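Structural characterization, general
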Amino acid sequence: MAAEVLFEARGTLGVIRLNRPGAMNALNLNMVRQMLHQLQEWRDDPGVSQVLVLGAGDRGLCAGGDVRSIYEDIRATRASGRDYYTTTEFFATEFRLNHLISQYPKPYIAFMDGATLGGGIGISAHGRHRVVTERTRAGMPETTIGYFPDVGGTHLLARSPGRAGLHAGLTAGIFGAADTIHLGLADVYVPSGKLAALAEALEQETFDQVKAGFTETPPVAPLRSAQDWIDDAYSAETAEEILERLAAWGATHPDAARAREDILSRSPTALKLTLHGIREASRLELSAALVREYAAGQHQLRGHDFAEGIRAQVIDRDRSPRWDPATLPEVDEMRIEEHFLPGPHPTFELFSPIQEAHS
């Protein structure tokens, strides 16, 4: 059986290759554990000067966490009568990995070629050099499956220009290279045909030394021309008011009308978690945002919409989720705030013992 993630030192470059191409390189607990350990090893290795992460196959860097496994864990845990989800350990390890990437002392380079979604954003957008291509399809599509942007996604989207991050998070939008850069999730554009040569150049030289020979000007970001209606609509106080403003803008801007329809199809609970999470994260460091995301994730594991969203989109694929509550007014605003606070579920220490030992 092939290893799910491959590690290799090429010259002075440490290479991480996600190796589940049949699953669009979706992350599981084994993979994030291995990545966390290897990055800690390379951090202290003088022979490795920078790190590159990329995906095997031609479908993308990473389509996110392995939600099929999460669904199976939820079903098995509930059937057993236990209250401990293996997914809890996955989230904790994944979030520690995201935080380590954000503070990595050596250049961390991500090739965000193809699908780079959810957890794929977590292992790329927190890095120092984030490369997109004409094949990039990036975003945080969690509200589609009854969840909310995690892996530091609330922190990242809170720092997008204007209210673009709220638009991306609430609609579960998937974006091309230019919009990914506009949202602040990536830095530079390199045609996919040049990635192999760029990786080879990085074996001996730093990214800053070679990037001028590979990067090109990306197309104009569609989100940039939509900033006026995005900023107005998503500055509304509540999700319900955002929908009203999108309806008004939709009379003259078809993209606003489509955004409204997208939002209406998402989990009402997930929408309110996303709105609250991104707004609060604008005042928080990444570490604090991760702790809050972890707490909210524990609630969603035990709730209805996360499992139902995965069922509808991935398991049965009927694309007809039955959300509960079914409408935005039915969602208890006080409970949304409480989701992000430490509760009776497993707590989260950002630093694992091995990370503390090396810090």
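Our subject in this report is the structure included herewith. Since we're looking at a predicted model, the values are computed, not measured.

**Here we look at the pairing of strand β1 (residues 5-10)**
A regular strand places its side chains so that they alternate between the two faces of the sheet. Note: β1 against strand β2 (residues 13-18), six bridges, orientation antiparallel. Looking across to β2, one finds that L6 is bridged to R17. What sits between β1 and β2 in their antiparallel hairpin is a turn of two residues, with G11 showing a positive phi close to 60 degrees.

**Thoughts on the sheet that holds strand β6 (residues 129-132)**
Spatially, the six strands line up as an open sheet ordered β1-β2-β3-β4-β6-β9, and their pairing is mixed. Lying at the two open borders of the sheet, with one neighbouring strand each, are β1 and β9 (188-189). Relative to β6, strand β4 (residues 108-112) is paired through four bridges, and the arrangement is parallel. Within β6, the residue paired with F111 across the bridge is V131. The strands touched by helix α1 (residues 29-43) within the sheet are β1, β2, β3 (50-55) and β4, with β1 carrying the most contacts at an inclination of about 20 degrees.

**Some details on the sheet that holds strand β7 (residues 137-139)**
Within the open sheet, the three strands sit side by side as β5-β7-β8. Their pairing is mixed. Bordering the open sheet on either side are β5 (115-117) and β8 (174-175), each of which pairs with just one other strand. Sheet analysis places β7 next to β8, joined by two bridges and oriented antiparallel. Paired with G139 across the bridge in β8 is I174.

**Comments concerning the pattern of salt bridges**
Two side chains carrying opposite charge are able to pair once their charged atoms lie near each other. Here the structure, examined in full by the defined rule, presents 18 salt bridges. Residue E8 is joined to R10 by a salt bridge in which the shortest nitrogen-to-oxygen separation is 3.2 Å. Residue classification places R10 among the partly exposed residues on the basis of a relative accessible area of 22%. The salt bridge partner of R311 is D318, with a shortest N-O separation of 2.6 Å. By relative accessible area, D318 is classed as partly exposed at 34%. Residues joined in a network through salt bridges with shared partners are E308, R311, D316 and D318.

**What about the packing of helix α2 (residues 67-80) against helix α16 (residues 305-315)?**
One way to put it is that α2 packs onto α16 with a least axis distance of 10 Å and a crossing angle of 130 degrees. In terms of orientation, α2 and α16 fall into the oblique class. The chirality of how α2 crosses α16 is left-handed. Seen from α2, the contacting residues are V67, R68, I70, Y71, I74 and R78; seen from α16, they are F306, A307, I310, R311, V314 and I315. Across the contact of α2 with α16, the residue classes tally to nine nonpolar, no polar and three charged.

**Focus on the packing of helix α3 (residues 86-102) against helix α15 (residues 286-302)**
The interhelical angle for the contact between α3 and α15, taken along N-to-C directions, is 165 degrees, at an axis separation of 11 Å. When the axis of α3 is compared with that of α15, the two are roughly antiparallel. Crossing geometry of α3 relative to α15 is assigned as right-handed. Facing α3, whose interface residues are T87, T88, F91, A92, F95, N98, H99 and S102, α15 presents L286, S287, L290, E293, Y294, Q298 and L301. Counted by class, the contact of α3 with α15 contains seven nonpolar, seven polar and one charged residues.

Reading the values: the criteria
Residues numbered from 1 in each chain as written. Predicted model: local features only at pLDDT ≥ 70, side-chain atom pairs only at ≥ 80, totals over all residues. Heavy atoms only, no water. Pairing = 2+ DSSP bridges. Helix = DSSP H or I, 4+ residues; strand = E, 2+ residues; numbered from the N terminus. Contact = heavy atoms within 4.5 Å. Axes fitted to C-alpha atoms, helices over the stretch in contact; angles between N-to-C directions. Salt bridge = Lys/Arg side-chain N within 4 Å of Asp/Glu carboxyl O. Buried < 20%, exposed > 50% of the residue type's maximum accessible area, 1.4 Å probe, protein only. Parallel < 35°, antiparallel > 145°, perpendicular 65-115°, else oblique. Left-handed = near helix turned anticlockwise from the far one by under 90°. Nonpolar A, V, L, I, M, F, W, Y, C, P; charged D, E, K, R; others polar.

From the geometry alone we can't say anything about function, so treat these as descriptive.
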